[in-house]
Amino acid sequence: MKRTEQLQSRNLTVPWRSLTRRRGRAGIGAGLAIALAATLAVGTPAAAAGFPSWEDVQASKANSASAQQAVQNIRSLIVELDAAAEAAQAESNKRSEELIVAQNQFDDAALRAAALQDQADASKATADAATKQAGLLAAQLYRSGGGDLSVNLFLDGSAGTAGGDAADGLLSRLGSMSKMVERSTDVYASAQTTTNTAAALGDQAAVATAAREKLRIVAEGALAAAVSAQQAADAALQESQDRSVVLDAQLAFMLDEQAKTTAGYEEGERQRIAAEKAAAEQRARDEAAAAGGGGGGGGGGSAGPGLGGGYIHNGWAVPASGRITDNYGPRAVICGSGGCSSNFHRGTDIGTGCYSPIYAASAGTVVYSGWNGTYGNWIKIDHGNGVSTGYAHIRDGGRFVGVGEWVEAGQNIASSGTTGASDGCHLHFEAYVNGNRTDAVPFMADRGVPLG
(Lines give C-alpha, C1' and ligand atoms only; values in the text may rest on other atoms or scores of the structure.)
Protein backbone atom coordinates (compact mmCIF):
# COMPACT_ATOMS: atom_id res chain seq x y z
CA MET A 1 0.00 0.00 0.00
CA LYS A 2 1.41 3.42 -0.97
CA ARG A 3 1.80 6.17 1.58
CA THR A 4 -1.08 8.22 0.20
CA GLU A 5 -3.40 5.22 0.42
CA GLN A 6 -2.14 4.44 3.93
CA LEU A 7 -2.88 7.95 5.09
CA GLN A 8 -6.34 7.89 3.58
CA SER A 9 -7.13 4.46 4.99
CA ARG A 10 -6.11 5.53 8.48
CA ASN A 11 -8.47 8.47 8.36
CA LEU A 12 -5.74 11.12 8.26
CA THR A 13 -5.33 14.09 5.95
CA VAL A 14 -2.87 13.41 3.14
CA PRO A 15 0.14 15.78 3.36
CA TRP A 16 -0.01 18.13 0.43
CA ARG A 17 3.54 17.32 -0.62
CA SER A 18 2.29 13.94 -1.90
CA LEU A 19 -0.02 15.86 -4.20
CA THR A 20 2.42 18.56 -5.33
CA ARG A 21 5.09 16.03 -6.22
CA ARG A 22 2.72 14.49 -8.72
CA ARG A 23 1.44 17.78 -10.05
CA GLY A 24 4.69 19.76 -9.97
CA ARG A 25 5.63 22.75 -7.85
CA ALA A 26 3.83 25.42 -9.80
CA GLY A 27 1.53 26.16 -6.90
CA ILE A 28 0.92 25.12 -3.35
CA GLY A 29 -2.59 23.80 -3.91
CA ALA A 30 -5.56 23.03 -1.75
CA GLY A 31 -3.80 20.38 0.35
CA LEU A 32 -1.26 22.90 1.70
CA ALA A 33 -3.96 25.45 2.41
CA ILE A 34 -5.78 23.04 4.74
CA ALA A 35 -2.64 21.77 6.45
CA LEU A 36 -1.00 25.17 6.81
CA ALA A 37 -4.09 26.71 8.40
CA ALA A 38 -3.38 25.37 11.88
CA THR A 39 0.26 26.39 11.69
CA LEU A 40 -0.44 29.97 10.65
CA ALA A 41 -3.24 30.29 13.17
CA VAL A 42 -0.88 29.80 16.10
CA GLY A 43 2.19 31.35 14.52
CA THR A 44 5.37 29.77 13.19
CA PRO A 45 6.81 27.33 15.74
CA ALA A 46 10.38 27.65 16.89
CA ALA A 47 12.79 25.48 14.94
CA ALA A 48 13.21 22.05 16.50
CA ALA A 49 16.54 20.30 16.56
CA GLY A 50 17.52 19.59 12.96
CA PHE A 51 14.62 21.56 11.48
CA PRO A 52 15.17 25.02 9.97
CA SER A 53 13.23 28.07 11.12
CA TRP A 54 11.61 30.56 8.75
CA GLU A 55 14.42 32.98 9.59
CA ASP A 56 16.97 30.35 8.52
CA VAL A 57 15.14 29.80 5.25
CA GLN A 58 14.85 33.49 4.44
CA ALA A 59 18.54 34.05 5.22
CA SER A 60 19.52 31.10 3.00
CA LYS A 61 17.48 32.37 0.09
CA ALA A 62 19.59 35.50 -0.08
CA ASN A 63 22.63 33.41 -0.98
CA SER A 64 22.45 31.08 -3.98
CA ALA A 65 24.89 28.51 -2.58
CA SER A 66 23.15 28.46 0.79
CA ALA A 67 19.78 28.29 -0.93
CA GLN A 68 20.75 25.16 -2.85
CA GLN A 69 22.00 23.46 0.31
CA ALA A 70 18.86 24.51 2.22
CA VAL A 71 16.64 22.98 -0.48
CA GLN A 72 18.58 19.70 -0.29
CA ASN A 73 18.36 19.66 3.51
CA ILE A 74 14.61 20.26 3.51
CA ARG A 75 14.06 17.54 0.94
CA SER A 76 16.13 15.12 3.03
CA LEU A 77 14.10 15.91 6.14
CA ILE A 78 10.86 15.29 4.23
CA VAL A 79 12.13 11.91 3.06
CA GLU A 80 13.13 10.97 6.62
CA LEU A 81 9.70 11.90 7.95
CA ASP A 82 8.06 9.85 5.21
CA ALA A 83 10.25 6.85 5.98
CA ALA A 84 9.55 6.99 9.72
CA ALA A 85 5.79 7.28 9.18
CA GLU A 86 5.76 4.46 6.62
CA ALA A 87 7.77 2.20 8.95
CA ALA A 88 5.28 2.85 11.75
CA GLN A 89 2.42 2.17 9.34
CA ALA A 90 3.98 -1.11 8.22
CA GLU A 91 4.36 -2.20 11.85
CA SER A 92 0.72 -1.30 12.51
CA ASN A 93 -0.43 -3.30 9.47
CA LYS A 94 1.61 -6.28 10.66
CA ARG A 95 0.10 -6.16 14.13
CA SER A 96 -3.45 -5.83 12.82
CA GLU A 97 -2.89 -8.89 10.60
CA GLU A 98 -1.59 -10.80 13.63
CA LEU A 99 -4.71 -9.75 15.53
CA ILE A 100 -7.00 -11.15 12.84
CA VAL A 101 -5.07 -14.44 12.75
CA ALA A 102 -5.09 -14.75 16.55
CA GLN A 103 -8.81 -13.99 16.77
CA ASN A 104 -9.61 -16.56 14.07
CA GLN A 105 -7.51 -19.21 15.82
CA PHE A 106 -9.22 -18.51 19.12
CA ASP A 107 -12.68 -18.67 17.55
CA ASP A 108 -11.84 -21.96 15.82
CA ALA A 109 -10.54 -23.41 19.09
CA ALA A 110 -13.67 -22.25 20.90
CA LEU A 111 -15.87 -24.00 18.32
CA ARG A 112 -13.84 -27.23 18.66
CA ALA A 113 -14.01 -27.12 22.45
CA ALA A 114 -17.76 -26.48 22.40
CA ALA A 115 -18.38 -29.30 19.89
CA LEU A 116 -16.34 -31.79 21.93
CA GLN A 117 -18.11 -30.75 25.12
CA ASP A 118 -21.50 -31.22 23.44
CA GLN A 119 -20.44 -34.70 22.29
CA ALA A 120 -19.15 -35.56 25.76
CA ASP A 121 -22.39 -34.38 27.36
CA ALA A 122 -24.51 -36.35 24.88
CA SER A 123 -22.39 -39.50 25.35
CA LYS A 124 -22.62 -39.20 29.14
CA ALA A 125 -26.40 -38.88 28.94
CA THR A 126 -26.52 -42.04 26.77
CA ALA A 127 -24.21 -43.85 29.17
CA ASP A 128 -26.33 -42.88 32.15
CA ALA A 129 -29.48 -44.12 30.42
CA ALA A 130 -27.80 -47.43 29.47
CA THR A 131 -26.50 -47.94 33.00
CA LYS A 132 -29.98 -47.32 34.38
CA GLN A 133 -31.48 -49.82 31.93
CA ALA A 134 -28.89 -52.45 32.90
CA GLY A 135 -29.79 -51.95 36.56
CA LEU A 136 -33.49 -52.36 35.86
CA LEU A 137 -32.90 -55.61 33.95
CA ALA A 138 -30.73 -56.96 36.76
CA ALA A 139 -33.44 -56.15 39.30
CA GLN A 140 -36.10 -57.81 37.16
CA LEU A 141 -33.92 -60.89 36.76
CA TYR A 142 -33.42 -61.09 40.50
CA ARG A 143 -37.15 -60.78 41.19
CA SER A 144 -37.83 -63.57 38.68
CA GLY A 145 -35.62 -65.95 40.63
CA GLY A 146 -32.83 -65.85 38.14
CA GLY A 147 -30.39 -66.10 41.01
CA ASP A 148 -30.98 -69.86 41.61
CA LEU A 149 -32.90 -71.67 38.89
CA SER A 150 -32.20 -75.16 40.33
CA VAL A 151 -34.12 -74.42 43.53
CA ASN A 152 -37.09 -73.14 41.52
CA LEU A 153 -37.04 -76.30 39.45
CA PHE A 154 -37.11 -78.54 42.59
CA LEU A 155 -39.92 -76.57 44.25
CA ASP A 156 -42.10 -76.73 41.17
CA GLY A 157 -41.98 -80.56 41.18
CA SER A 158 -40.41 -83.19 39.01
CA ALA A 159 -41.42 -84.49 35.64
CA GLY A 160 -42.52 -87.81 37.11
CA THR A 161 -45.25 -86.47 39.46
CA ALA A 162 -47.08 -83.91 37.45
CA GLY A 163 -46.42 -85.09 33.97
CA GLY A 164 -44.68 -83.19 31.20
CA ASP A 165 -46.63 -79.91 31.63
CA ALA A 166 -44.74 -78.75 34.72
CA ALA A 167 -41.39 -79.65 33.22
CA ASP A 168 -42.23 -77.87 29.97
CA GLY A 169 -43.22 -74.76 31.93
CA LEU A 170 -40.01 -74.76 33.90
CA LEU A 171 -37.97 -75.20 30.73
CA SER A 172 -39.81 -72.29 29.16
CA ARG A 173 -39.04 -70.13 32.18
CA LEU A 174 -35.46 -71.25 32.05
CA GLY A 175 -35.19 -70.18 28.42
CA SER A 176 -36.79 -66.81 29.11
CA MET A 177 -34.52 -66.11 32.04
CA SER A 178 -31.47 -67.16 30.03
CA LYS A 179 -32.42 -64.64 27.38
CA MET A 180 -32.93 -62.02 30.11
CA VAL A 181 -29.46 -62.74 31.50
CA GLU A 182 -28.00 -62.44 28.00
CA ARG A 183 -29.86 -59.19 27.40
CA SER A 184 -28.75 -57.80 30.76
CA THR A 185 -25.16 -58.68 29.99
CA ASP A 186 -25.33 -56.96 26.58
CA VAL A 187 -26.92 -53.82 28.04
CA TYR A 188 -24.33 -53.64 30.80
CA ALA A 189 -21.46 -54.05 28.31
CA SER A 190 -22.94 -51.32 26.10
CA ALA A 191 -23.35 -49.04 29.10
CA GLN A 192 -19.73 -49.59 30.07
CA THR A 193 -18.50 -48.85 26.53
CA THR A 194 -20.59 -45.68 26.32
CA THR A 195 -19.32 -44.58 29.74
CA ASN A 196 -15.73 -45.05 28.58
CA THR A 197 -16.47 -43.09 25.40
CA ALA A 198 -18.01 -40.26 27.39
CA ALA A 199 -14.97 -40.14 29.66
CA ALA A 200 -12.62 -40.01 26.65
CA LEU A 201 -14.62 -37.24 25.00
CA GLY A 202 -14.64 -35.36 28.30
CA ASP A 203 -10.86 -35.59 28.44
CA GLN A 204 -10.60 -34.32 24.86
CA ALA A 205 -12.97 -31.46 25.65
CA ALA A 206 -10.84 -30.51 28.67
CA VAL A 207 -7.70 -30.46 26.50
CA ALA A 208 -9.50 -28.38 23.84
CA THR A 209 -10.75 -25.96 26.49
CA ALA A 210 -7.22 -25.50 27.83
CA ALA A 211 -5.96 -24.85 24.29
CA ARG A 212 -8.79 -22.37 23.76
CA GLU A 213 -7.84 -20.46 26.90
CA LYS A 214 -4.21 -20.22 25.77
CA LEU A 215 -5.35 -18.84 22.42
CA ARG A 216 -7.69 -16.41 24.18
CA ILE A 217 -4.69 -14.96 26.01
CA VAL A 218 -2.78 -14.76 22.72
CA ALA A 219 -5.72 -12.95 21.08
CA GLU A 220 -5.94 -10.46 23.94
CA GLY A 221 -2.22 -9.79 23.62
CA ALA A 222 -2.56 -9.36 19.86
CA LEU A 223 -5.33 -6.81 20.40
CA ALA A 224 -3.19 -4.83 22.84
CA ALA A 225 -0.23 -4.93 20.43
CA ALA A 226 -2.42 -3.85 17.51
CA VAL A 227 -3.85 -0.93 19.48
CA SER A 228 -0.37 0.18 20.56
CA ALA A 229 1.02 -0.10 17.02
CA GLN A 230 -1.95 1.74 15.58
CA GLN A 231 -1.54 4.59 18.06
CA ALA A 232 2.20 4.75 17.34
CA ALA A 233 1.50 4.88 13.61
CA ASP A 234 -1.07 7.62 14.08
CA ALA A 235 1.42 9.59 16.18
CA ALA A 236 4.17 9.15 13.57
CA LEU A 237 1.84 10.19 10.77
CA GLN A 238 0.66 13.19 12.76
CA GLU A 239 4.24 14.26 13.47
CA SER A 240 5.07 13.84 9.80
CA GLN A 241 2.12 16.02 8.87
CA ASP A 242 2.79 18.68 11.46
CA ARG A 243 6.44 19.06 10.59
CA SER A 244 5.91 18.60 6.87
CA VAL A 245 3.45 21.48 6.76
CA VAL A 246 6.26 23.86 7.62
CA LEU A 247 8.95 22.04 5.65
CA ASP A 248 6.84 21.89 2.50
CA ALA A 249 5.92 25.54 2.84
CA GLN A 250 9.58 26.43 3.34
CA LEU A 251 10.58 24.37 0.32
CA ALA A 252 7.89 25.99 -1.81
CA PHE A 253 9.11 29.40 -0.67
CA MET A 254 12.69 28.53 -1.58
CA LEU A 255 11.61 27.40 -5.04
CA ASP A 256 9.31 30.38 -5.64
CA GLU A 257 11.41 33.06 -7.33
CA GLN A 258 8.60 35.58 -7.01
CA ALA A 259 8.35 35.29 -3.20
CA LYS A 260 10.86 37.73 -1.74
CA THR A 261 9.98 37.51 1.97
CA THR A 262 8.36 34.89 4.17
CA ALA A 263 5.87 37.48 5.41
CA GLY A 264 4.58 38.11 1.90
CA TYR A 265 4.53 34.42 1.16
CA GLU A 266 2.50 33.61 4.27
CA GLU A 267 0.01 36.37 3.50
CA GLY A 268 -0.68 34.78 0.14
CA GLU A 269 -1.22 31.46 1.88
CA ARG A 270 -3.66 33.01 4.32
CA GLN A 271 -5.78 34.13 1.41
CA ARG A 272 -5.68 30.68 -0.15
CA ILE A 273 -6.53 29.11 3.20
CA ALA A 274 -9.63 31.27 3.57
CA ALA A 275 -10.92 30.18 0.17
CA GLU A 276 -10.17 26.51 0.84
CA LYS A 277 -11.79 26.68 4.28
CA ALA A 278 -15.01 27.94 2.76
CA ALA A 279 -14.94 25.11 0.21
CA ALA A 280 -14.24 22.54 2.95
CA GLU A 281 -17.16 23.81 5.03
CA GLN A 282 -19.45 23.47 2.03
CA ARG A 283 -18.27 19.90 1.45
CA ALA A 284 -18.95 19.12 5.11
CA ARG A 285 -22.49 20.47 4.76
CA ASP A 286 -23.00 18.37 1.62
CA GLU A 287 -21.77 15.21 3.41
CA ALA A 288 -24.01 15.90 6.38
CA ALA A 289 -26.97 16.31 4.06
CA ALA A 290 -26.08 13.06 2.27
CA ALA A 291 -25.81 11.21 5.59
CA GLY A 292 -29.15 12.56 6.77
CA GLY A 293 -30.94 11.72 3.55
CA GLY A 294 -29.38 8.33 2.83
CA GLY A 295 -29.06 6.91 6.30
CA GLY A 296 -32.55 5.57 6.59
CA GLY A 297 -32.22 5.50 10.36
CA GLY A 298 -33.70 7.31 13.25
CA GLY A 299 -32.12 8.27 16.53
CA GLY A 300 -32.45 6.81 19.98
CA GLY A 301 -36.07 7.84 20.12
CA SER A 302 -37.38 5.37 17.56
CA ALA A 303 -40.81 4.05 18.50
CA GLY A 304 -40.02 0.36 18.19
CA PRO A 305 -37.90 -2.41 16.67
CA GLY A 306 -37.36 -2.31 12.93
CA LEU A 307 -38.05 1.43 12.68
CA GLY A 308 -34.42 2.41 12.32
CA GLY A 309 -30.94 2.21 13.75
CA GLY A 310 -30.47 3.50 17.23
CA TYR A 311 -33.67 2.05 18.73
CA ILE A 312 -32.86 1.39 22.41
CA HIS A 313 -34.34 -1.30 24.66
CA ASN A 314 -33.00 -2.22 28.11
CA GLY A 315 -29.68 -0.57 27.40
CA TRP A 316 -29.18 -2.10 23.95
CA ALA A 317 -29.55 -0.41 20.58
CA VAL A 318 -29.96 -1.43 16.96
CA PRO A 319 -26.51 -0.65 15.47
CA ALA A 320 -27.72 0.40 12.01
CA SER A 321 -30.71 0.62 9.71
CA GLY A 322 -31.15 -1.81 6.84
CA ARG A 323 -31.87 -5.41 6.04
CA ILE A 324 -29.50 -8.29 6.79
CA THR A 325 -27.51 -9.08 3.65
CA ASP A 326 -25.28 -11.85 5.02
CA ASN A 327 -25.46 -13.98 8.14
CA TYR A 328 -22.99 -15.64 10.51
CA GLY A 329 -21.55 -18.91 9.22
CA PRO A 330 -19.71 -20.49 6.26
CA ARG A 331 -19.76 -18.57 2.99
CA ALA A 332 -17.83 -17.92 -0.20
CA VAL A 333 -14.71 -15.77 0.04
CA ILE A 334 -15.32 -12.08 -0.69
CA CYS A 335 -12.55 -9.81 -2.00
CA GLY A 336 -12.45 -6.03 -1.98
CA SER A 337 -9.88 -3.29 -2.36
CA GLY A 338 -8.51 -4.15 1.09
CA GLY A 339 -8.03 -7.91 0.56
CA CYS A 340 -10.11 -11.07 0.82
CA SER A 341 -12.28 -12.39 3.63
CA SER A 342 -12.12 -15.87 5.18
CA ASN A 343 -14.54 -18.64 4.23
CA PHE A 344 -16.36 -18.36 7.56
CA HIS A 345 -18.31 -15.18 8.17
CA ARG A 346 -18.14 -14.32 11.87
CA GLY A 347 -20.44 -11.32 11.77
CA THR A 348 -23.78 -10.10 10.47
CA ASP A 349 -23.86 -7.74 7.48
CA ILE A 350 -26.46 -4.98 7.44
CA GLY A 351 -27.07 -3.22 4.13
CA THR A 352 -26.94 0.38 5.28
CA GLY A 353 -25.90 2.20 2.14
CA CYS A 354 -23.00 4.65 2.11
CA TYR A 355 -22.58 7.37 4.75
CA SER A 356 -25.34 5.91 6.95
CA PRO A 357 -24.97 6.35 10.72
CA ILE A 358 -23.65 3.51 12.85
CA TYR A 359 -24.67 3.37 16.52
CA ALA A 360 -23.08 1.84 19.61
CA ALA A 361 -25.03 -1.32 20.45
CA SER A 362 -24.63 -0.61 24.17
CA ALA A 363 -22.71 1.61 26.54
CA GLY A 364 -19.03 0.84 26.99
CA THR A 365 -15.40 1.76 26.38
CA VAL A 366 -13.84 1.95 22.92
CA VAL A 367 -10.91 -0.49 22.88
CA TYR A 368 -10.02 -0.19 19.18
CA SER A 369 -10.60 2.53 16.62
CA GLY A 370 -8.55 2.43 13.47
CA TRP A 371 -7.54 0.45 10.42
CA ASN A 372 -7.59 -3.34 10.83
CA GLY A 373 -6.72 -5.25 7.66
CA THR A 374 -9.69 -6.80 5.87
CA TYR A 375 -12.05 -5.07 8.32
CA GLY A 376 -11.02 -1.73 6.91
CA ASN A 377 -11.76 1.02 9.43
CA TRP A 378 -12.93 -0.78 12.55
CA ILE A 379 -14.27 0.06 16.00
CA LYS A 380 -14.56 -2.35 18.93
CA ILE A 381 -16.43 -1.53 22.16
CA ASP A 382 -16.08 -3.37 25.48
CA HIS A 383 -19.44 -3.43 27.30
CA GLY A 384 -18.17 -5.28 30.38
CA ASN A 385 -19.00 -8.75 31.73
CA GLY A 386 -17.11 -10.38 28.87
CA VAL A 387 -19.30 -8.80 26.17
CA SER A 388 -17.98 -6.68 23.28
CA THR A 389 -19.21 -5.58 19.85
CA GLY A 390 -17.33 -4.76 16.64
CA TYR A 391 -18.17 -2.49 13.68
CA ALA A 392 -16.27 -2.93 10.38
CA HIS A 393 -15.92 -1.39 6.89
CA ILE A 394 -16.43 2.17 8.21
CA ARG A 395 -15.75 4.79 5.57
CA ASP A 396 -12.52 6.81 5.56
CA GLY A 397 -13.09 9.80 7.79
CA GLY A 398 -16.11 8.09 9.33
CA ARG A 399 -14.80 7.11 12.79
CA PHE A 400 -16.17 9.52 15.41
CA VAL A 401 -14.74 7.95 18.59
CA GLY A 402 -11.24 6.97 19.70
CA VAL A 403 -9.61 4.41 21.97
CA GLY A 404 -10.43 4.96 25.63
CA GLU A 405 -13.62 6.95 25.03
CA TRP A 406 -16.84 6.04 26.82
CA VAL A 407 -19.90 5.78 24.57
CA GLU A 408 -23.60 5.46 25.33
CA ALA A 409 -26.08 3.01 23.82
CA GLY A 410 -27.38 4.40 20.54
CA GLN A 411 -24.59 6.98 20.20
CA ASN A 412 -23.57 7.72 16.61
CA ILE A 413 -20.00 6.36 16.60
CA ALA A 414 -19.31 6.07 12.88
CA SER A 415 -20.50 6.32 9.29
CA SER A 416 -20.76 3.26 7.05
CA GLY A 417 -18.57 2.65 4.04
CA THR A 418 -16.86 -0.11 2.06
CA THR A 419 -13.26 -0.22 3.30
CA GLY A 420 -11.27 -3.45 3.66
CA ALA A 421 -12.56 -6.70 2.15
CA SER A 422 -15.92 -5.27 1.17
CA ASP A 423 -17.76 -5.06 -2.13
CA GLY A 424 -20.35 -2.47 -1.14
CA CYS A 425 -21.29 -0.03 1.62
CA HIS A 426 -22.57 -1.91 4.67
CA LEU A 427 -21.96 -2.55 8.37
CA HIS A 428 -20.27 -5.79 9.38
CA PHE A 429 -21.47 -6.17 12.98
CA GLU A 430 -19.92 -8.62 15.44
CA ALA A 431 -20.83 -9.80 18.95
CA TYR A 432 -18.19 -11.18 21.32
CA VAL A 433 -18.85 -13.28 24.43
CA ASN A 434 -15.75 -13.91 26.54
CA GLY A 435 -13.62 -12.97 23.55
CA ASN A 436 -15.32 -15.40 21.19
CA ARG A 437 -17.30 -14.11 18.21
CA THR A 438 -20.82 -15.49 18.21
CA ASP A 439 -23.89 -15.17 15.99
CA ALA A 440 -25.07 -11.59 16.48
CA VAL A 441 -28.68 -12.28 15.38
CA PRO A 442 -29.78 -14.40 18.38
CA PHE A 443 -27.41 -12.43 20.60
CA MET A 444 -29.23 -9.16 19.86
CA ALA A 445 -32.67 -10.81 19.75
CA ASP A 446 -32.12 -12.06 23.32
CA ARG A 447 -31.65 -8.41 24.29
CA GLY A 448 -34.85 -7.25 22.66
CA VAL A 449 -33.28 -5.46 19.67
CA PRO A 450 -33.51 -7.77 16.62
CA LEU A 451 -31.29 -6.95 13.68
CA GLY A 452 -32.59 -6.25 10.22
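Naming follows an unreviewed UniProt entry, where the protein appears as M23ase beta-sheet core domain-containing protein of Microterricola viridarii.

Draft legend 1. View of the overall build of the protein. Looking only at helices and strands, the protein features ten helices and 16 strands. Counting only residues that meet the buried cut, the protein has 41% of its 452 residues in that class. Here the contacts in the protein between residues at least 6 apart in sequence split such that 71% fall between residues at least 24 apart. For the protein, the computed accessible surface area is about 22,100 Å², with 55% contributed by carbon and sulfur atoms.

Draft legend 2. Geometry of the nonpolar core. Core analysis: the biggest nonpolar cluster contains 26 residues, and I379, I381, Y391, I413, F429 and M444 have the highest contact counts within it. Setting aside residues up to four positions removed in sequence, F429 forms contacts with P319, G347, T348, A361, T389, G390, Y391, A440, M444 and L451. With 16 residues, the next largest nonpolar core counts W54, V71, V246 and F253 among its residues.

Draft legend 3. Examining the environment of Q231 more closely. On the secondary structure map, Q231 appears in helix α8 (residues 164–255). Take Q231: its relative accessible area is 41%, and that puts it in the partly exposed class. For the pair Q231 and V403, spaced 172 residues apart in sequence, the C-alpha to C-alpha distance is 9.0 Å.

Draft legend 4. Representation of the pattern of salt bridges in the model. Evaluated as defined, the whole model comprises ten salt bridges. Between D107 and R437 there is a salt bridge; the shortest N-O distance is 2.5 Å. A residue pair is termed long-range when its members are at least 10 positions apart, and D107 in helix α5 (residues 64–143) and R437 in strand β16 (residues 436–438) qualify at 330 residues. Side by side, D107 and R437 carry an identical accessibility label, which is buried. A salt bridge links R216 to E213, with the nearest nitrogen and oxygen atoms 2.9 Å apart. Within this pair, R216 and its partner E213 are both found in helix α8, separated by three residues, close to a single helical turn. The class for R216 is partly exposed, based on a relative accessible area of 24%. Judged by its relative accessible area of 27%, E213 is partly exposed. Among the charged side chains, a salt-bridge network with shared partners connects D107, D108, R346, E430 and R437.

Draft legend 5. Structural view of the state of the cysteines. This structure, assessed with the given rule, holds one disulfide. With a sulfur-sulfur separation of 1.9 Å, C354 is cross-linked through a disulfide to C425. Measuring handedness by torsion sign, the sulfur bridge of C354 and C425 sits at about 85 degrees and is right-handed. With C354 in the loop between β8 (348–350) and β9 (357–359) and C425 in the loop between β14 (412–416) and β15 (427–433), this residue pair connects regions lying 71 residues apart in the sequence. Note on C354: relative accessible area 43%, which makes it partly exposed.

Draft legend 6. Region of the structure containing the packing of aromatic side chains. Taken as a whole and assessed by the stated rule, the structure comprises five aromatic pairs. Measuring from centroid to centroid gives 5.2 Å for Y375 and W378, while their planes differ by 65 degrees, and the two rings are edge-to-face. Residue W378 is classed as buried on the basis of its relative accessible area, which comes to 3%. When the centroid spacing of 5.5 Å and the interplanar angle of 55 degrees are considered together, the rings of Y391 and F429 count as tilted. Taken as a pair, Y391 in strand β12 (residues 387–399) and F429 in strand β15 lie far apart in primary sequence, 38 residues in all. On the basis of relative accessibility, which here comes to 0%, the residue Y391 falls in the buried class. Here F429 falls in the buried class, since its relative accessible area comes to 0%. Taken together, Y368, Y375 and W378 form an aromatic cluster joined through their ring pairs. Sitting over the face of the ring of Y432, K380 holds its NZ or CZ atom 4.0 Å from the ring centroid.

Draft legend 7. Summary view of the pairing of β14. Counting buried positions along β14 gives four out of five residues, so the element sits mostly inside the fold. Pairing analysis gives three bridges linking β9 to β14, with the strands arranged antiparallel. Paired with I358 across the strands is A414, a residue of β14. Relative to β14, β12 is paired through two bridges, and the arrangement is antiparallel. For I394, the partnering residue across the bridge sits in β14 and is S416.

Draft legend 8. A look at the confidence of the model for the protein. Of the residues in the protein, 68% reach a pLDDT of 70 or more, and the chain-wide mean stands at 74. Contacts of residues 146–155 to residues separated by more than four positions or lying in other chains number nine contacts, the stretch itself having pLDDT below 50. The low-confidence segment residues 157–161 (pLDDT under 50) makes three contacts with residues lying over four places distant or belonging to another chain.

Draft legend 9. Structural context of helix α4 (residues 54–61). Of the residues making up α4, those classed as buried are W54, V57 and S60. The buried residues of α4 occupy an angular sector of 130 degrees when projected down its axis, which confines them to one face. Counted as exposed and oriented over 90 degrees from the buried face of α4: E55 and A59.

Draft legend 10. Structural detail: unusual backbone geometry. Positive phi is not limited to glycine here, since N314 has a value of about 50 degrees. Assignment of secondary structure puts N314 in the loop between β1 (312–313) and β2 (316–317). A relative accessible area of 66% means that N314 is categorised as exposed. Look at H393: it is not a glycine, yet its phi comes out positive at around 70 degrees. Within the element layout of this structure, H393 appears in strand β12. Under the relative-accessibility criterion, H393 is labelled buried at 5%.

Definitions and cut-offs
Within each chain, residue numbers correspond to sequence positions counted from 1 in written order. Owing to the predicted nature of the model, reporting of local features is limited to residues with pLDDT of at least 70; listing and counting of side-chain atom pairs is limited to 80 or more, with chain, interface and lining totals taken over all residues. Excluding hydrogens and water, the side-chain values take into account all heavy atoms of the structure. Only DSSP runs of H or I covering at least 4 residues are called helices, and only runs of E covering at least 2 are called strands; the numbering of each starts at the N terminus. Accessible area is worked out with a 1.4 Å probe on protein chains only. A residue is then buried under 20% of its type maximum, exposed over 50%, and partly exposed in between. Throughout, a contact is declared for two residues whenever any of their heavy atoms are within 4.5 Å. In these tables, accessible area is a Shrake-Rupley quantity obtained with a 1.4 Å probe, and a residue counts as shielded only by the protein chains included in the view. Nine residue types can take part in a nonpolar core, namely buried Ala, Val, Leu, Ile, Met, Phe, Trp, Tyr and Cys, and a core is a set of them joined through side-chain atoms within 4.5 Å. Salt bridge criterion: a side-chain nitrogen from Lys or Arg within 4 Å of a carboxyl oxygen from Asp or Glu. Throughout, disulfides are identified as pairs of cysteine sulfur atoms within 2.5 Å of each other. Aromatic contacts are taken between Phe, Tyr and Trp rings whose centres are within 6.5 Å, Trp giving its six-membered ring; a plane angle under 30 degrees counts as stacked, one over 60 as edge-to-face, and the others as tilted. Note on criteria: charge over ring means Lys NZ or Arg CZ within 6 Å of the ring centre, with the direction from the centre no more than 35 degrees off the ring normal. Pairing between strands is defined by DSSP: at least two bridges between the two strands are required. A residue's pLDDT is the predictor's confidence in that residue, given on a scale from 0 to 100. Arc definition: it is the arc formed by the directions from the helix axis to the C-beta atoms.

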